Every structure is written in structure tokens, then in C-alpha cells.
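Each chain, letter by letter, is given below.
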Amino acid sequence: MALLASTSPAVAKMLQKWNFKEGSGLGARGHGIVAPVQPTVQRCNPNTGVGHGDRSYDNGLPDTTLAVQEEWRRRCEELARALRLEEECCFKTLELLLRDMTQDDDRSAETAEALAAVVNSIKVFQRKRTPGMWKSTLPYSTMLYIIEHVIKPTMAADAREWTPSWDPDCHRWVRPWTPLVGHLPDSLYDTVKSKIVKHADEYAVISPWKDYSMDPAQWDTFTRRHVLPWLTSLVRELMIAPPKQMDPSFHTLMQWAPLVPAKIVVSILEEELFFDRFEDALRHWLQSGAGKPSSEEAVAWCAGWKNLFTPELLADERVLARMDAIAALVDAEA
């Protein structure tokens, strides 16, 4: 097909002005293409385009998609629990105030004002809110009256009747009040301690008190006196005997580890020579002649122990250093 005939009149006129001759190439010296470029039709693919590839781009960073999603899910669940807890606290408070006015014939102005304030605060649940909004709707003086004259007497009566073996997680009588009181009142600490100290080795009884029932000072005092000695005895009596994977006591220790600061758990492990005993047992196994494990077996055995450590412990520099030393021991013997 002739180029001048196949193009537009304006382009043909421009080419003729530049002394273009049919059959010659484009360009000042006629060395360019002769035939026009023919268009090609490609099948539409929604997965193609700038930056697309068969494999995702590897920027060298760890894939945190699942971790980010899991963290987002956890935070959403915590937010939902906090909002539900506020609503539960509101209606339980309302229930107690109504009981005081009807059954106990409490006609005081303070109780009436508190009842009116709580009833008025219910409107906050009908719109979007964040934790703490319900509490902020209550006048400060009213909130103090509710805490001191309604909630604390109720909690004191429940604490005296509380039996940890029947109600180990204390959800019924402590947790509902945390949006207002925050934590276990100091006046009830001795009562609660006298009951849970008898169950100091029962995770179901002890663990709930860390999250919402004791303030940090109360919790630190209790764990140092009654929990840490027991955890120390677990480490002291721990048996490390490869190729047995691990002693059940270590499972228990790692279950309890998040209840106390990681640095304290690491100190217990070091003071009771856990890592030294671990290396000695591993070295003896690696040098046991006919019973010597393969490199893969030794690595898998060490990984099994390491996988039980909590993320907080694995983030500790002292633990990481000992883990590196254990890996170096396996490499050297292999």
C-alpha cells in the first residue's frame, strides 16, 4: 500500500513538502522505515499494566500482611469488649440504684440525682462512641457518689462471698465495674489476696487479676510474693533430657510468663542456670557416639524448645544471645 495514499491528506502534504518520494524510507537520508507500522490487537488482560508481573515485587522486607491483619482484628475485638463493658456497667449501676430506692427505701437527694444522671447517660449508647465517653457524661460528684456508696459496698459484699474454686475468673463481681472503678479497690486487696493465695499455682484463678482487677502496684506485690517463687521452683526442677522434646513444666512456665515482666522471667532462667543446663544436655547428646543425632534432628529439637518461648522473651537480648550460642554449638558439632 502506498504510504501517501494510506495516510491523511495533511500528513501526505507535509511529506511531499519535505521531498518524500514513494518507496523510499523516512528520514533526511531516506534510511528509515518504508512500510507503515501495522497495529496489532492484543487480548485484554486485567492483570497486565505498568508495574504488573507474574510474581509480586520483593522489596526485601518481611511480609507483614497477615501480622497487620491479626493486630487489627485484635484491636477491634478489644475495642468491642471495652464498649460492651461500659454498657454493662451502666445498666448494672442503674439496677443497683433502683434497688436502693425501692427495696432499701433510699430517698436521698444524692441517690435520686445519681439515678437521673445514669438514665440520662444512656443516650450515649445510641451514637458512635469511644471507650470513656459514657463515664465522661456523668458529673464528677455523681460518679464519686456511685463508686463510694453503690459500687464499693456491693463489691465488698461479693468479695466476702467469693469462692475462687467456683468462680475463678471473678468476671461476675469485679469486671463489670472496671469502667468506673478502674481496678480492685485497695480496701479489698487483703480480702482477695487471702483467697487467691491458696490457688497461687492455678492459672485460671490468678491470670484474670493482671488484666483488669489489680492496679500495677498491687499486681507486682502479689506476684513477687506468691507467683515468682513458684515459677522459680518450676525452672529449678525442669528436666532437659534430649531427645525427649521438653518437660511439661516448661509449657507451664511459658503459659505464666506473660503475667510478669519478661526481664524477671529471664532473670529466673539465668539464676537457675536454665541455659547452661540446656547447653550441657545438648552437648552431651551431640557427643553421645552411637546415639548422636543428625544435624537435622538437633536443629529440630532446639527449634521445638525455642518455639515455646513467648514473643516477649524472644525479644530480650539476653535470650537471643543464648539462642545464638545454642545454634553455634549445633553447627560446631555438626
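What counts as what
Residues numbered from 1 in each chain as written. Predicted model: local features only at pLDDT ≥ 70, side-chain atom pairs only at ≥ 80, totals over all residues. Heavy atoms only, no water. Axes fitted to C-alpha atoms, helices over the stretch in contact; angles between N-to-C directions. Helix = DSSP H or I, 4+ residues; strand = E, 2+ residues; numbered from the N terminus. Parallel < 35°, antiparallel > 145°, perpendicular 65-115°, else oblique. Left-handed = near helix turned anticlockwise from the far one by under 90°. Contact = heavy atoms within 4.5 Å. 1 Å grid on protein atoms, 1.4 Å probe; cavity = no way out; pocket = protein on both sides within 12 Å on 5 of 7 lines; lining within 4 Å. Points joined across faces, edges and corners; volume = space filled by probe spheres on them. Nonpolar A, V, L, I, M, F, W, Y, C, P; charged D, E, K, R; others polar. pLDDT = per-residue confidence, 0-100. Phe/Tyr/Trp six-rings, centres within 6.5 Å; stacked < 30°, edge-to-face > 60°. Buried < 20%, exposed > 50% of the residue type's maximum accessible area, 1.4 Å probe, protein only. Core = buried A, V, L, I, M, F, W, Y, C linked by side-chain atoms within 4.5 Å. Lys, Arg positive; Asp, Glu negative; His and termini not counted. Salt bridge = Lys/Arg side-chain N within 4 Å of Asp/Glu carboxyl O. Polar contact = N/O pair within 3.5 Å; in protein donor to acceptor, adjacent residues only side chain to side chain.

Taken N-terminus to C-terminus, the directions of helix 11 (residues 216–236) and helix 13 (residues 262–271) make an angle of 40 degrees; their axes are 9 Å apart at the nearest point. Here helix 11 lies oblique to helix 13, going by the angle between them. The handedness of the crossing between helix 11 and helix 13 comes out as right-handed. For the pair helix 11 and helix 13, the contacting residues are Arg224, Leu228, Leu231, Thr232 and Val235 in the first and Ile264, Ile268 and Leu269 in the second.

Under the defined criterion, the tally for this structure stands at one cavity of 30 Å³ or more. Taken as a whole, the largest cavity spans an internal volume of roughly 30 Å³. Around the largest cavity, the lining residues are Phe274, Phe275, Phe278, Cys302, Trp305, Lys306, Phe309, Met323 and Ile326. Elements that contribute at least two residues to the lining of the largest cavity include exactly helix 14 (274–286), helix 15 (295–306) and helix 17 (317–333). Split into classes, the residues belonging to the lining of the largest cavity amount to eight nonpolar, no polar and one charged.

Here we come to the confidence of the model for the protein. Detailed conclusions should not be drawn from predicted coordinates in areas where pLDDT is low. On average, residues of the protein score 84 in pLDDT, and 82% of them are at 70 or above. By mean pLDDT, the top-scoring element of the protein is helix 13 (96), and the lowest-scoring one is helix 1 (residues 3–6) (65).

Further remarks concern the layout of surface pockets. Computed from the structure, the largest pocket encloses a volume of approximately 270 Å³. The wall of the largest pocket is formed by 12 residues, among which Glu78, Arg81, Ala82, Leu85 and Arg175 lie closest to the centre. The leading source of residues in the lining of the largest pocket is helix 3 (residues 65–102), at five residues. Partitioning the lining of the largest pocket into residue classes produces five nonpolar, two polar and five charged. Approximately 190 Å³ is the volume attributed to the second largest pocket. Lining the second largest pocket we find Phe278, Val299, Cys302, Ala303, Lys306, Met323, Asp324, Ile326, Ala327, Val330 and Asp331. Those elements giving two or more residues to the lining of the second largest pocket turn out to be helix 15 and helix 17. Per-element tally for the lining of the second largest pocket: the top contributor is helix 17, with six residues.

Attention now moves to the packing of aromatic side chains. All chains considered together, the criterion is met by 19 aromatic pairs. Measuring from ring centre to ring centre gives 6.0 Å for phenylalanine 274 and phenylalanine 278, while their planes differ by 45 degrees; the resulting arrangement is tilted. One end of the pair is phenylalanine 274 and the other is phenylalanine 278, both in helix 14 and four residues apart, which spans about a single turn. Take phenylalanine 274: its relative accessible area is 1%, and that puts it in the buried class.

Bringing the nonpolar core into the picture now. By size, the foremost hydrophobic cluster in this structure holds 78 residues, and its most contacted members are Trp209, Phe274, Leu282 and Phe309. Counting residues per element, this core draws most heavily on helix 6 (residues 140–161), at nine residues. Sequence-distant contacts of leucine 282, that is, excluding residues within four places in its chain, are made with Trp301, Cys302, Ile326, Leu329 and Val330.

With that settled, consider unusual backbone geometry. That bond from proline 242 to proline 243 is cis: its omega, 5 degrees, falls within 30 degrees of zero. Looking at where proline 243 falls in the secondary structure, it is placed in the loop between helix 11 and helix 12 (248–256). Positive phi, normally seen in glycine, also occurs at leucine 273, with a value near 60 degrees. Tracing the backbone through its elements, the reader meets leucine 273 in the loop between helix 13 and helix 14.

As for its position among the elements, lysine 195 is in helix 8 (residues 189–196). It turns out lysine 195 is buried and unbridged, and the closest side chain with the opposite charge, glutamate 161, is 8.5 Å from it. Only 2.8 Å separates the side chain of lysine 195 from the backbone oxygen of alanine 159, close enough to count as a polar contact. A polar atom in the side chain of lysine 195 sits 2.7 Å from the backbone oxygen of arginine 160.

Looking now at the pattern of salt bridges. This model, assessed by the stated rule, comprises 16 salt bridges. Close ionic contact of glutamate 77 with arginine 73 constitutes a salt bridge, the shortest N to O distance being 2.4 Å. With glutamate 77 and arginine 73 both in helix 3 and four residues apart, the pair spans about one turn of that helix. A residue is classified by how much of its surface remains accessible, and glutamate 77, at 34% relative accessible area, is partly exposed. For arginine 73, a relative accessible area of 37% corresponds to the partly exposed category. The partner of arginine 129 in a salt bridge is glutamate 87, with the nearest N and O atoms 3.8 Å apart. Note that arginine 129 is positioned in the loop between helix 4 (109–121) and helix 5 (133–136) and glutamate 87 in helix 3, a separation of 42 residues in sequence. Through salt bridges that share partners, Glu71, Arg74, Arg75 and Glu78 make up one connected network.

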